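The lines below spell out each chain.
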Amino acid sequence: MLAGKRILLVVSGGIAAYKSLELVRRLRERGAAVTAVLTRSGAEFVTPLSLASLTENKVYQELFSLTDESEMGHIQLSRAADLVVVAPATANALAKLAAGIADDLASTLLLATDKDVMVAPAMNVRMWEHPATRANLATLRQRGVLVVGPEEGPMACGEFGLGRLSEPMTILAAVDAYFAAATPLAGKRALVTSGPTHEPIDPVRYIANRSSGKQGHAIAAALARLGARVTLVTGPVTLADPPAVETVHVETATEMLEACLAALPADVAVCAAAVADWRVARAAGQKLKKDGKGAPTLSMTENPDILATLSKRKADRPALVVGFAAETQSVVDYARAKLKKKGCDWILANDVSGGGVFGQDDNQITLVDATGEEAWPRLDKQAVAQRLAQRIADRLAAGEEA
Ligand code: CTP
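Residues numbered from 1 in each chain as written. Predicted model: local features only at pLDDT ≥ 70, side-chain atom pairs only at ≥ 80, totals over all residues. Heavy atoms only, no water.

Draft legend 1. Representation of the side chain of Thr 366 within the structure. Turning to its location among the elements, Thr 366 is positioned in strand S20 (residues 365-368). Assessed through its relative accessible area of 14%, Thr 366 is described here as buried. Among all residues touching Thr 366, those that are not within four sequence positions of it are Val 332, Ile 347, Leu 348, Ala 349, Glu 373, Glu 374 and Ala 375. (Helix = DSSP H or I, 4+ residues; strand = E, 2+ residues; numbered from the N terminus. Buried < 20%, exposed > 50% of the residue type's maximum accessible area, 1.4 Å probe, protein only. Contact = heavy atoms within 4.5 Å.)

Draft legend 2. Summary view of the sheet that holds strand S1 (residues 6-11). Strand order in this open sheet of six strands is S3-S2-S1-S4-S5-S6, and the pairing throughout is parallel. At either end of the open sheet lies a strand with only one pairing partner, and these are strand S3 (59-60) and strand S6 (146-147). Along the sheet, helix H2 (residues 48-55) makes contact with S1, strand S2 (33-38) and S3, crossing S2 at roughly 170°. Packing of helix H5 (residues 91-99) onto the sheet brings it into contact with strand S4 (83-89) and strand S5 (117-121), and relative to S5 it is tilted by some 145°. (Pairing = 2+ DSSP bridges. Axes fitted to C-alpha atoms, helices over the stretch in contact; angles between N-to-C directions.)

Draft legend 3. Spotlight on the pairing of S4. Counting buried positions along S4 yields seven of seven residues, so the element is predominantly enclosed. Burial along S4 is two-sided: Leu 83, Val 85, Ala 87 and Ala 89 facing one way and Val 84, Val 86 and Pro 88 facing the other are all buried. Relative to S4, S1 runs parallel, the two sharing four bridges. Pairing of Leu 8 across the sheet is with Val 84, part of S4.

Draft legend 4. Summary view of the site of the ligand. Around the ligand, a shell composed of 13 residues is seen, among which Cys 271, Ala 273, Leu 307, Phe 324 and Lys 338 lie nearest. Mapped onto the shell around the ligand, the elements with two or more residues apiece are helix H12 (306-311), strand S17 (320-327) and helix H13 (331-342). Counting residues per element, the shell around the ligand draws most heavily on S17, at three residues. When the residues that make up the shell around the ligand are grouped by side-chain class, the tally is eight nonpolar, one polar and four charged. (Near = heavy atom within 4 Å. Nonpolar A, V, L, I, M, F, W, Y, C, P; charged D, E, K, R; others polar.)

Draft legend 5. View of the packing of helix H1 (residues 19-29) against H2. Running from amino to carboxyl end, H1 crosses H2 at an angle of 10°, the nearest separation of the two axes being 9 Å. The angle between H1 and H2 places the two elements in the roughly parallel class. Contacts from Leu 21, Val 24, Arg 25 and Arg 28 in H1 reach Ser 50, Leu 51, Leu 54 and Thr 55 in H2. Class assignment for the residues of the contact of H1 with H2 results in four nonpolar, two polar and two charged. (Parallel < 35°, antiparallel > 145°, perpendicular 65-115°, else oblique.)

Draft legend 6. How the structure looks around the sheet that holds strand S9 (residues 189-194). If you trace the eight strands from one edge of the open sheet to the other, you get S13-S12-S9-S14-S17-S18-S20-S21, paired in mixed fashion. Looking along the sheet, the strands with just one partner apiece sit at the ends: strand S13 (246-249) and strand S21 (373-375). For this sheet, the mean inter-axis angle between neighbouring strands, taken without regard to orientation, is 15°. Here strand S12 (residues 229-234) runs beside S13; their pairing, made up of four bridges, is parallel. Bridging from a neighbouring strand, Val 233 pairs with Val 248 of S13. Sitting on the sheet, helix H10 (residues 214-225) is in contact with S9, S12, strand S14 (268-271) and S17, with an inclination near 165° to S9. The strands touched by helix H14 (residues 381-401) are S14, S17, strand S18 (346-351), S20 and S21; relative to S18, the strand with the most contacts, the crossing angle is about 160°.

Written out as structure tokens, the structure is:
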């Protein structure tokens, strides 16, 4: 049941907008209160009057209506909801959300909201498949926007393919699932490492790697969504700090370890960072200059292994320590060896034999623990994060029962 839940429904333009009326009916039947925001193009397809009758609420349309602003400003509107649902979400609405454009009420409140946003895309199959739309979707997913559909089928334009708005019952099921997903990690503390580390050579040069931090950041966000208090310790990345996560920015492996130890105690630690294995033994205090005597020789020293250090802590070892391993062959064997060597509980072995993973959106994971292994289907990094967070919740719950 959705009793008492407040849904802010944004209806953007498109022939599928009529289905939003059915969605409102279903949401109301389940006890949710619905406030609708209709974009200018949405209003070409459904009338504000039908939305107002079904929601039994005022329908908001224009950003600069003084009466609306004095009754309920757009910021307030975006906050007085438990979930924001955009259905249908046109290619244009998704593009604006991805780019942070706020040029009407709907896009402004989507930028201003502090609540989760669920979008149900609907558009022509070619628009859906366009690289611009793919990129926008990837950006939105990465920011934690929930995506329902679209579905495949014949379209109003006469073509066939992906792009049809999901049926209202499917969107309703996603809303239900959103609220039903309790917060099994409430009261738990999680530590996540993410990104690369930068190891200085001198004040202007450093050694780094291609890690984007996408997977680690997604895991931190997924754990937070399940209610955990999350500290994310990240090396230099271009990603935004995930919402509701305490994010500590570091540069080097040594700093990362220090920040991790400062974040203990934690119930779970997930080491997703691509920590540099070595650093320059003595980074130069001044910029190295060409002196005509050839290239300098860098003497390297080993960095601390954060995963192993956390796994081997005595009093404050997290109940569950999870590491990653990127392998191109004998994935499970190498992962199991790594599990033993580092002393962690789970390794998410990533099969990288098929090509690049760094910076990509997909991962092929096998979860390895002391007793066995489980191959996951190829999933995008958000889905890997969600699945892992749920697994962690199950495991911590099982540990409490034992
Ligand atoms: N890790 C860490 N600190 C390090 C090195 C690695 O915490 N100094 C963690 C990573 O976050 C990851 C796991 O250990 O969870 C990866 O182990 P690593 O030995 O670096 O494996 P690979 O990168 O796969 O390298 P190799 O196969 O060469 O051992």
